[in-house]
Amino acid sequence: MENSTNGIADLVTGIMMLLLVAAITTLLSKRVDKLPLTILLVFVGIAIAAAGEDIPGLAELRAFHLTPELVLFVFIPTLIFESAFNLDVRQVSRNIWAILVLAIPGLLLSTLIIGLIISGATEFGFMVALLLGAILSATDPVAVISIFKQLGVPERLTILVEGESLFNDATSLVLATLLIGILSAGSFSNEMVFEGVGEFFFVFLGGVFVGLVLAAIVGETLGAVESDPAIEITLTTILAYLSFIVAEQVFHVSGIMAVVAAGLMIGSWGKSKISPSTSEFMEHFWEYLAYVANALIFLMVGLQIDLVVLWQSVDLIAIIFCAMLISRAIVIFGVVPLVGKVPGSEHIGTPFKLVMYWGGLRGAIALAIVLSLPPFEYKDSLVAIVMGAVLATLVLQGLSIEILVKWLGLDALSVSDSLAKLEGDRHAREQGLQQIDGLVDGGHFSQRIADNIREKCERNLRDLNVEISALNEDMSLDERTNILALRCLAREKARIYELFSRGLINEWAFRELDHTVVVQLDGVRHSKVLPQESIEMSLGKAMHLLIIRLLEIFPGGQMLSERMRTLRIIRDFDVAWGRFRSSSSVLSHLHEIAGESSADEQAEAKVRTVYEKMRDETKAQIDEVGDQYPEFLETVQEQLGQRLLLIAEHESVEHAASLGMIQEGIAHDILKEQSERLRQLKQDNISACFEIEISELLRNTSIFADMETKDFDFIQNYLRPRTVPRGTAIVKQGQQGDSMFLIARGIANVLIEDAGQTTQVATLFAGDILGEAALLNSTPRNATAEAATPCSLYELKRVDLDRICNEYPPIHDRVLEIDRERLKENEAGTGSA
């Protein structure tokens, strides 16, 4: 027991010492700007390994060694999840072809080239050389990404480098595992190749599936947690490690791809599930975990490097390093240009390719794979070679990548960024200038010193205004308009998040609006297209519509599909309300957003027109719903008022607690009660507002108007409710139809397509029927009816209409009469149903 306790104490002491060394090294790296932290950590590790025996307290650190289990099951899940969580999924999807080409066929080609060169230039056999090629083809751009962040390189370059690393780590690990199996078997055949290809895709895609499923489960659980950082951060930590372990140990698929998929999903879809109060804390938490993992990895790499052994293998390491450079050059300059020819993909310029080539450093994955090799003749040699190759890339490429980036001018700010920087500096100095008089008025501050400071500030402001004016003069009207549009969209994005964080829009609306703003930001940046009032189709909305269509096909799914259509109307209303608020916020601060000297009147007028149209369009959508469903609008407004009241109460209690006016325990209880009331308010079902009293509908429908009220119950048994969101087709021209519809609430436009031209021929309102022609004549629909506003309908099937007509024959005659009237209108070109 005592030995066990001492062992644990030594382990904890050693880890604390490593963290202390890492912290001191980090502090030192901030003083030495030209030396990336990861490289400095390796150097420190080497120094400790070489001289630590003579320094008290450092000798024990030499006993710490990297093991494959430590890297794969402790460090890698953290590093992969943190990187995927913080990646912009939309930017990844924009560059997915380039990333996948680099990560799969690019890595396979790199493996083959390195294998051919090494087998031809060294004593290693071809299969061993291929294994070494697979190990050394995985990139690890930790040092490069940190330099990118410091220099402010274009976001797309960061996405390409980091995205390639995330995906090719999995490819390298799977490929190395397959090659190890072939080496262990001692034989090689075509059948093994086909089996290996099949297994590769199963492992790769299986890992993605496991990660997505677990992320969906954790995401829904996060959505049920109300502002509890401890639980929410714990759930994401569990997801990072559980997805890796379940994929590797249970399903025997790629744990790395599982973590990549889980991180990307939680970092995009799942971010709206995380409480706004927890979001920033969670980002800092994962940033810290990644820092610790990287620090310990590279420190222990240095501790494990034996300089004597490296020197003995320096000629072999030099050959392998050259082979890595040759293979990387062929992949980047030979394969990547082909990606630009794929439809939908973007061309990658030469400066980006040069940085991607030289920034292909090797790191933790390569070390983990080589350390996990089973004992065989060349294992010790491979471990030494991989250590040397990793060190060579870190030192030779890591120390020179910053020079390359600056030489290519990739660190230069764009015109918009330069203008934003100058205006931000000007605003800060103006704010500082305003504080000077306050210092003097407060006493104990010399008027002479204040005058000197004011004079310097005013001189700096004059210089800044000259620079800003020069930039503006060099820009065209379109450039100034685009810069202003970008700022307005950024303002919108911030306002939308504020509405979400305050509980004023729901999670769905936040995702839809945020997606729309991000898409339109890309449109302004890349296509010079000004923002639009339309809401962009997101993956979540597309999936929602697909599920509705599938449910309508399957028997018994109509009730659930009806609920989902009603839910979509509610969500569309929230989206319109959120866009109305965000566009109104932009309009009220447009002159301030434009700035003083950069406020070109023409540019401001163009953007104002865009946002006024956006505001008016969304207001019209809100009014449409209010006109057709006043009960719904009243309920929504009541909920909004209660929510605003609860938020104000919540903020008041928090403020009082911060001032010590309320004891912490009492404040906690009050806040907990308020949070529970807010949660219950969110769960209130407002779908009932869309239910229509059928007797009211039948009384206002011409074909049933002559019936006795007591007979409505008979009709009611055959009517099926259906809710249709704005812009959705109720019936489509040319389709076979076996039902007609009664409009209970809403407005529908009747459209006819002829020779590629679509013409609106009629407008139908509450109490009208549609679709009767196809029902009566057993012909395809002669027109399309589209919901101009959200519509509540009742569907009547042919078989049910026949039953009703048998019981009430005048109804059949009235339907025929309406059909004949519409046929006449159709022939005259004045209407259709």
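Residues numbered from 1 in each chain as written. Predicted model: local features only at pLDDT ≥ 70, side-chain atom pairs only at ≥ 80, totals over all residues. Heavy atoms only, no water.

Caption draft 1: Structural context of the overall build of the protein. Each helix and strand counted, the protein has 34 helices and eight strands in total. The C-alpha extent of the protein, read off along each of the three principal axes, is 105 × 90 × 65 Å. Across the 833 residues of the protein, 49% fall into the buried class. A sequence separation of at least 24 residues applies to 78% of the contacts in the protein between residues at least 6 apart. Accessible surface, the protein: about 39,700 Å² in total, of which carbon and sulfur atoms supply 58%. Here the protein contributes 66 positive and 105 negative side-chain charges, whose respective centroids are spaced 4 Å apart. (Helix = DSSP H or I, 4+ residues; strand = E, 2+ residues; numbered from the N terminus. Buried < 20%, exposed > 50% of the residue type's maximum accessible area, 1.4 Å probe, protein only. Contact = heavy atoms within 4.5 Å. Areas by Shrake-Rupley, 256 points an atom, 1.4 Å probe, with all protein chains shown as cover. Lys, Arg positive; Asp, Glu negative; His and termini not counted. Charge placed at Lys NZ, Arg CZ, Asp CG, Glu CD.)

Caption draft 2: A look at the sheet that holds strand E4 (residues 748–754). Taking strand neighbours across the sheet as the criterion, the four strands line up as E2-E7-E4-E5 in an open arrangement whose pairing is antiparallel. Two strands bound the open sheet, and with one partner strand each, they are strand E2 (729–731) and strand E5 (757–764). Averaged over all adjacent pairs, the angle separating strand axes in this sheet is 35 degrees, with direction ignored. In terms of strand pairing, E4 meets E5 through seven bridges, oriented antiparallel. By the bridge assignment for E5, Glu753 is matched with Thr758. (Pairing = 2+ DSSP bridges. Axes fitted to C-alpha atoms, helices over the stretch in contact; angles between N-to-C directions.)

Caption draft 3: Summary view of the packing of helix H3 (residues 68–86) against helix H17 (residues 364–371). It is the contact of H3 with H17, at a shortest axis distance of 7 Å, that shows an interaxial angle of 140 degrees. Classified by the angle their axes make, H3 and H17 are oblique. From H3, Pro68, Val71, Leu72 and Ile76 reach across to H17, where they touch Ala364, Ile365, Ala368 and Leu371. In terms of residue class, the contact of H3 with H17 is made up of eight nonpolar, no polar and no charged. (Parallel < 35°, antiparallel > 145°, perpendicular 65-115°, else oblique. Nonpolar A, V, L, I, M, F, W, Y, C, P; charged D, E, K, R; others polar.)

Caption draft 4: Empty space enclosed by the protein, seen in detail. For the structure on display, the rule yields five cavities of 30 Å³ or more. Estimates place the volume of the second largest cavity at around 70 Å³. Elements that contribute at least two residues to the lining of the second largest cavity include exactly helix H6 (105–121), helix H9 (155–185) and helix H15 (314–339). Residue classes in the lining of the second largest cavity are distributed as three nonpolar, six polar and three charged. (1 Å grid on protein atoms, 1.4 Å probe; cavity = no way out; pocket = protein on both sides within 12 Å on 5 of 7 lines; lining within 4 Å. Points joined across faces, edges and corners; volume = space filled by probe spheres on them.)

Caption draft 5: Just the sheet that holds strand E3 (residues 739–745), in detail. Reading across the sheet, the four strands line up as E1-E8-E3-E6 and stay open at both edges, with antiparallel pairing between neighbours. Either end of the sheet is taken by a strand with one partner, and the two such strands are strand E1 (720–724) and strand E6 (769–770). Bridge count between E3 and strand E8 (residues 791–797): six bridges; the pairing is antiparallel. Bridged to Phe741 within E8 is Glu795. Lying over the sheet, helix H33 (residues 798–807) contacts E1, E3 and E8, oriented at roughly 75 degrees with respect to E8.

Caption draft 6: Region of interest: the environment of Leu484. Locating Leu484 in the fold gives a position in helix H22 (residues 477–501). Along the backbone, Leu484 and Cys791 are 307 residues apart, and their C-alpha atoms lie at a distance of 38 Å.

Caption draft 7: Geometry of the nonpolar core. Formed by 149 residues in total, the largest nonpolar core has its most connected members in Phe148, Leu157, Phe167, Ile256, Leu382 and Val386. By residue number, the principal contributor to this core is H9, which donates 15 residues. Aside from chain neighbours lying at most four places away, what touches Phe148 is Val153, Leu157, Thr158, Val161, Val355 and Val405. One finds Leu484, Leu499, Ile505 and Val610 within the second-largest nonpolar core, a separate group that totals 40 residues. (Core = buried A, V, L, I, M, F, W, Y, C linked by side-chain atoms within 4.5 Å.)

Caption draft 8: Just a nonpolar patch on the surface, in detail. A surface patch of nonpolar side chains, amounting to about 430 Å² of accessible area, comprises Ile8, Leu11, Val12, Ile15 and Met16. Here Leu11 shows up in helix H1 (residues 2–31). (Patch = residues over 30% accessible without salt bridge, like charges linked within 9 Å, V, L, I, M, F, W, Y side chains within 5 Å. Salt bridge = Lys/Arg side-chain N within 4 Å of Asp/Glu carboxyl O.)

Caption draft 9: Representation of the pairing of E8. With respect to burial, E8 is a largely interior element, six of its seven residues being buried. Two strands pair when backbone bridges link them, and E1 and E8 are joined in this way by five bridges, in the antiparallel orientation. What sits directly across from Arg722, in E8, is Leu793.

Caption draft 10: Expanded view of unusual backbone geometry. Its identity is not glycine, yet His252 carries a phi of approximately 55 degrees, on the positive side. Inspection of the secondary structure puts His252 in the loop between helix H11 (229–250) and helix H12 (255–268).

Caption draft 11: The arrangement of the pattern of salt bridges in detail. Enumeration according to the criterion identifies 22 salt bridges in this entry. Taking the shortest distance from any N to any O, the salt bridge between Glu402 and Lys406 comes out at 3.1 Å. Separated by four residues within a single helix, Glu402 and Lys406 lie in helix H19 (residues 401–407), roughly one turn from each other. Looking at Glu402, the relative accessible area reads 12%, which means it is buried. The partly exposed category is assigned to Lys406, whose relative accessible area is 38%. Here Lys613 ties to Glu533 by a salt bridge, and the two come within 3.7 Å at their closest N and O atoms. In this pair, Lys613 sits in helix H27 (residues 601–628) while Glu533 sits in the loop between helix H23 (507–527) and helix H24 (539–553), placing the two residues 80 residues apart along the sequence.

Caption draft 12: Fine view of the packing of aromatic side chains. What the rule picks out here adds up to 13 aromatic pairs. Taking 5.3 Å as the distance between ring centres and 90 degrees as the angle between the ring planes, the aromatic pair formed by Phe73 and Phe244 counts as edge-to-face. Here Phe73 is found in helix H3, whereas its partner Phe244 is found in helix H11, with 171 residues between them in sequence. On the accessibility criterion, Phe244 (2% relative accessible area) is buried. Taking 5.2 Å as the distance between ring centres and 75 degrees as the angle between the ring planes, the aromatic pair formed by Phe124 and Tyr378 counts as edge-to-face. One end of the pair, Phe124, is in the loop between H6 and helix H7 (126–135); the other, Tyr378, is in the loop between H17 and helix H18 (379–397), and 254 residues separate them in sequence. (Phe/Tyr/Trp six-rings, centres within 6.5 Å; stacked < 30°, edge-to-face > 60°.)

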